[in-house]
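# Structural features, examined
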Amino acid sequence: KVYIEKLAVLSSTWNLQNKTLLLQAEGQFSARNFEAAEKLYDDAIVSSKKHKFVNEEALANELAGHFYLDTGRKDKSLRYFSQAEEKYREWGAVAKALKLANYLGKD
């Protein structure tokens, strides 16, 4: 965590912001601080989108989907998984998108 924070200070903030937020979300999820994790996942998605990191927007949506699924909110998880599938396709990761589509029962 300290290394990531130092790296963020030394390099361009916008380049690492979404990654830092996503790592923090995962940390809060692991610590069972679900309210903080929920906000951080959404912040990571917004930051990825703002800076046009389509692949990282896909990953943040997928991890948020797992978060919601693991916390018993399947309906909400499906929205995040669907968004992840769309972003993986946009990025060109067709195999990953197909895997999510299979999970969502879209094929």
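See the structure above.
Residues numbered from 1 in each chain as written. Predicted model: local features only at pLDDT ≥ 70, side-chain atom pairs only at ≥ 80, totals over all residues. Heavy atoms only, no water.

### Points about the nonpolar core
In this structure, Tyr-41, Ala-64 and Phe-67 are the most contacted members of the largest nonpolar core, which totals 14 residues. Elements represented by at least two residues in this core include exactly helix 2 (13-30), helix 3 (34-50) and helix 4 (54-70). Among the elements that take part in this core, helix 3 stands out by supplying five residues, more than any other. Counting residues in each nonpolar core, the second largest holds eight residues, with Ala-58, Tyr-88, Ala-93 and Leu-100 among its members. (Core = buried A, V, L, I, M, F, W, Y, C linked by side-chain atoms within 4.5 Å. Buried < 20%, exposed > 50% of the residue type's maximum accessible area, 1.4 Å probe, protein only. Helix = DSSP H or I, 4+ residues; strand = E, 2+ residues; numbered from the N terminus.)

### Overview of the packing of aromatic side chains
According to the stated counting rule, one finds seven aromatic pairs in the structure shown. Considering the side-chain rings of Tyr-41 and Phe-67, the 5.1 Å spacing of their centres and the 35° angle between planes classify their relative orientation as tilted. Residue Tyr-41 is located in helix 3, and its partner Phe-67 is located in helix 4; the two are separated by 26 residues in the primary sequence. The residues Tyr-41 and Phe-67 share a single accessibility class, namely buried. Feature note: the residues Phe-29, Phe-34, Tyr-41, Phe-67, Tyr-68 and Tyr-80 constitute an aromatic cluster, connected by ring pairs. Across the ring face of Phe-53, the terminal group of Lys-19 is positioned such that the distance to the ring centre comes to 4.6 Å. (Phe/Tyr/Trp six-rings, centres within 6.5 Å; stacked < 30°, edge-to-face > 60°. Lys NZ or Arg CZ within 6 Å of the ring centre and 35° of its normal.)

### Some words on the pattern of salt bridges
For side chains of opposite charge, pairing can occur when their charged atoms come near one another. Overall, the coordinates contain nine salt bridges when judged by the stated rule. Where Lys-76 meets Glu-38, a salt bridge forms, and the shortest distance between an N and an O atom there is 3.1 Å. Placement of the pair is Lys-76 in helix 5 (residues 74-91) and Glu-38 in helix 3, with a sequence separation of 38 residues. Residue classification places Lys-76 among the partly exposed positions, given a relative accessible area of 24%. In this structure, Lys-87 and Glu-90 form a salt bridge, with 3.0 Å as the shortest nitrogen-oxygen distance. With a gap of three residues between them, Lys-87 and Glu-90 both fall in helix 5, about one helical turn apart. Each of Lys-49, Glu-57, Lys-87 and Glu-90 takes part in a single network of salt bridges with overlapping partners. (Salt bridge = Lys/Arg side-chain N within 4 Å of Asp/Glu carboxyl O.)

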